[in-house]
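Results of the structural survey
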Amino acid sequence: MKKIRVALIGYGRSGRNIHRKLLLQLPDKYEFVAFVEQDKERREMIERENGMQALSDYRELFGRTDIDLVINASFSFDHARISYDLLANGFDVLSEKPASGNVNDFECALKAAKEHGKQYFIFQQYRFAPAYMKMREIVASGKLGRPVQYTFNFDGFARRWDWQTVHGFSAGSLRNTGPHPMDWALDVMGHPQDIDVFCAMDRAHTYGDGEDYVKMILRAPGAPVCDIEISSAFGFGGKDTYQVHGTRGCLTGTDNGLKWKYYVDEEAPEQHLTTTPLRTEDCTPIYCGEELPMHEEEWIPNAEEARTFNSKGLNYYNALYDTLTTGAPFLIKNDEILLQLKITEEAYRQNADMFK
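Below: a short report on this structure. (Residues numbered from 1 in each chain as written. Predicted model: local features only at pLDDT ≥ 70, side-chain atom pairs only at ≥ 80, totals over all residues. Heavy atoms only, no water.)

**A word on a nonpolar patch on the surface**
Together, Phe75, Phe77 and Phe169 line one region of the surface with nonpolar side chains, adding up to about 260 Å² of accessible area. By the secondary structure assignment, phenylalanine 75 is in the loop between strand E3 (69-72) and helix H3 (79-88). (Patch = residues over 30% accessible without salt bridge, like charges linked within 9 Å, V, L, I, M, F, W, Y side chains within 5 Å. Areas by Shrake-Rupley, 256 points an atom, 1.4 Å probe, with all protein chains shown as cover. Salt bridge = Lys/Arg side-chain N within 4 Å of Asp/Glu carboxyl O. Helix = DSSP H or I, 4+ residues; strand = E, 2+ residues; numbered from the N terminus.)

Structure, rendered in C-alpha cells:
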C-alpha cells in the first residue's frame, strides 16, 4: 500500500491535536516526513514527540521531492497566502478552514492550483460526520416527505479571549465555526448559485472584536430554507444540532443519536378541504384536529461512529487517500467552498457596522 508522505505546517491545536492525531491512526496510508513551526518551544516539542527536527519556515520545503501532501494548519489569516505559495511551488495542499479571509485570495490560490496542475483541498470534515450522513440517508429515503427546512445549531455558553476572537485575524464565529454548518446547509440545498442571505451578528461576551453570535437564514428557489445558529450565549439544552422539517415527518438529534417520526399517506385519515367553520353534530365550534398514525425510529451510533470528532476526520482522510492514490473524485469541491466564502462576505457586509 502506497503511503502518502506528509509535511505539516503548524503545531497548534489544529496541526498537533487534529491532523497529527488523525494521521497517526492511519499509519498504512500516511507518514510524516516534515514539520514546520514558527515557535521555538513548539519545534522542541515536535522533536520530542516525533523524533524529527522541525523547520521554522515553510519555504524550506520548496524544492523537496519527498513530499506528496502539505497540510496547511497555519494561522487562519495565513491559510490562503501560504496555500498559494505551496501550490505555486508544486505541492498538493490540504488547508485548514477557513480557506481564506476573502473570496479574492481563495480565487488566487485556485488559479495557482490550476496553472501548476496541483490538487487543493479544504479540511471540511463535518461533511463526513456519521450523524450528518445518516440524516441525509433518512431524508433521501422519502420517509419525511419533502424537506421544508433544515436547522443546524452550534450553541453553548462560553467566553473566549484568544486570537480567534479578533476579526482582523480572519477570526470570529462565522469563520471559526461557520464553515461546518454552512457546508451542511449548502449541501442539502444543492449548492445553488442564486441564493438569498440574511445574517445577524453580535458580540455577547467575547474579548475580541469578532462575533460570537451568528444567525443566518439561507433561501434559494426550489430548495429548503436553512437556518444556521452559532451562539456563545445559550447554555441550556433542547436545541439539537440537526433538525429537519418535512411534509410528512420530522427529525431531530445530535452526533450522539437521531430520532425521527413520520406518517404514511395510505394510513392517514382521509381529509378534504372545507371552508365552512368546523363544528360537532350539536354545532359546538371545534378546532381542526386528527390523530395521525406516526411511525417513530431512531439511530444510535456504534462505538466507532460515537467517536464523532475522530470518526469524521478519519472518514475525511480515508476518502482523501482514495483521491490521492486512485484519482477518485473527492466529495467536497472547491466551487462549493467558493460559494461558502461568497456568502460569508455577504454576511459580513450586512454587519459591517460591527467591524468599523
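**A look at the packing of H3 against helix H4 (residues 103-115)**
When two helices pack together, their arrangement is given by the angle between the helix axes and the distance between those axes. Here H3 crosses H4 at 10 degrees, and the two axes come no closer than 8 Å. One finds that H3 runs roughly parallel with respect to H4. Only Asp105, Cys108, Ala109, Ala112 and Ala113 of H4 make contact with H3, whose side of the interface consists of Ala80, Tyr84, Leu87 and Ala88. A per-class count over the contact of H3 with H4 returns eight nonpolar, no polar and one charged. (Axes fitted to C-alpha atoms, helices over the stretch in contact; angles between N-to-C directions. Parallel < 35°, antiparallel > 145°, perpendicular 65-115°, else oblique. Contact = heavy atoms within 4.5 Å. Nonpolar A, V, L, I, M, F, W, Y, C, P; charged D, E, K, R; others polar.)

**A few points about the environment of glutamate 60**
Mapped onto the elements, glutamate 60 comes out in the loop between helix H2 (40-50) and E3. Accessibility expressed as a relative area gives 40% for glutamate 60, which makes it partly exposed. Taking C-alpha positions, glutamate 60 is 81 Å from arginine 279, a pair spaced 219 residues apart along the chain. For glutamate 60, the side chain forms a polar contact with the main-chain nitrogen of serine 56, separated by 3.3 Å. (Buried < 20%, exposed > 50% of the residue type's maximum accessible area, 1.4 Å probe, protein only. Polar contact = N/O pair within 3.5 Å; in protein donor to acceptor, adjacent residues only side chain to side chain.)

**Some thoughts on the sheet that holds strand E4 (residues 93-95)**
Spatial strand order, E2-E1-E3-E4-E5: five strands in an open sheet with parallel pairing. The open sheet terminates on both sides in strands that have one partner only, identified here as strand E2 (30-36) and strand E5 (120-122). The sheet shows a mean angle of 25 degrees between the axes of neighbouring strands, taken without regard to direction. Both strand E1 (residues 4-9) and E2 contribute to a ladder of six bridges, which runs parallel. By the bridge assignment for E2, alanine 7 is matched with alanine 34. On top of the sheet, H3 reaches E1, E3, E4 and E5; it is set at about 175 degrees to E4, its chief contact. (Pairing = 2+ DSSP bridges.)

**What about the packing of aromatic side chains?**
Per the stated rule, a full pass over the model turns up 28 aromatic pairs. Pairing tyrosine 126 with tryptophan 184 gives two aromatic rings, centres 5.9 Å apart and planes at 50 degrees, and the pair type is tilted. Residue tyrosine 126 is located in the loop between E5 and helix H5 (130-140), and its partner tryptophan 184 is located in helix H7 (residues 179-189); the two are separated by 58 residues in the primary sequence. Residue classification places tyrosine 126 among the buried positions, given a relative accessible area of 15%. When the ring of phenylalanine 152 is compared with that of tyrosine 242, the centres are 6.4 Å apart and the planes differ by 90 degrees; the resulting orientation is edge-to-face. (Phe/Tyr/Trp six-rings, centres within 6.5 Å; stacked < 30°, edge-to-face > 60°.)

**Here's the deal with the nonpolar core**
With 53 residues, the main nonpolar core has Tyr30, Leu61, Leu94, Tyr316, Tyr317 and Leu320 as its most contacted residues. Tallying contributions element by element places helix H8 (residues 308-326) first for this core, with six residues. With near-sequence residues (within four places) excluded, tyrosine 30 lies in contact with Ile4, Val6, Leu23, Tyr317, Leu320 and Tyr321. Listed in part, the 42 residues of the second largest apolar core include Phe152, Leu174, Ala185 and Tyr348. (Core = buried A, V, L, I, M, F, W, Y, C linked by side-chain atoms within 4.5 Å.)

**Some thoughts on the pairing of strand E8 (residues 213-219)**
Pairing geometry for strand E7 (residues 196-202) and E8, over seven bridges, is antiparallel. Residue aspartate 196 lies in a different strand from E8, and its bridge partner there is arginine 219. Taken together, the six bridges between E8 and strand E9 (residues 225-231) define a ladder with antiparallel strand orientation. Considered in E9, the bridge of methionine 216 is made with isoleucine 228. Hairpin connection between E8 and E9: a loop of five residues separates the two successive antiparallel strands, and glycine 222 in this loop has a positive phi of roughly 75 degrees.

**Comments concerning the sheet that holds strand E12 (residues 257-263)**
Read across the open sheet, the eight strands follow the order E7-E8-E9-E6-E10-E11-E12-E13; overall the sheet is mixed. With one partner strand each, in any of the chains shown, E7 and strand E13 (294-299) form the two edges of the open sheet. Strand-to-strand twist across the sheet, computed as the mean angle between neighbouring axes with direction ignored, equals 10 degrees. Both strand E11 (residues 249-254) and E12 contribute to a ladder of six bridges, which runs antiparallel. When the bridges of E12 are listed, cysteine 250 appears paired with lysine 261. The strands touched by H5 are strand E6 (147-155), strand E10 (242-246), E11, E12 and E13; relative to E12, the strand with the most contacts, the crossing angle is about 10 degrees.

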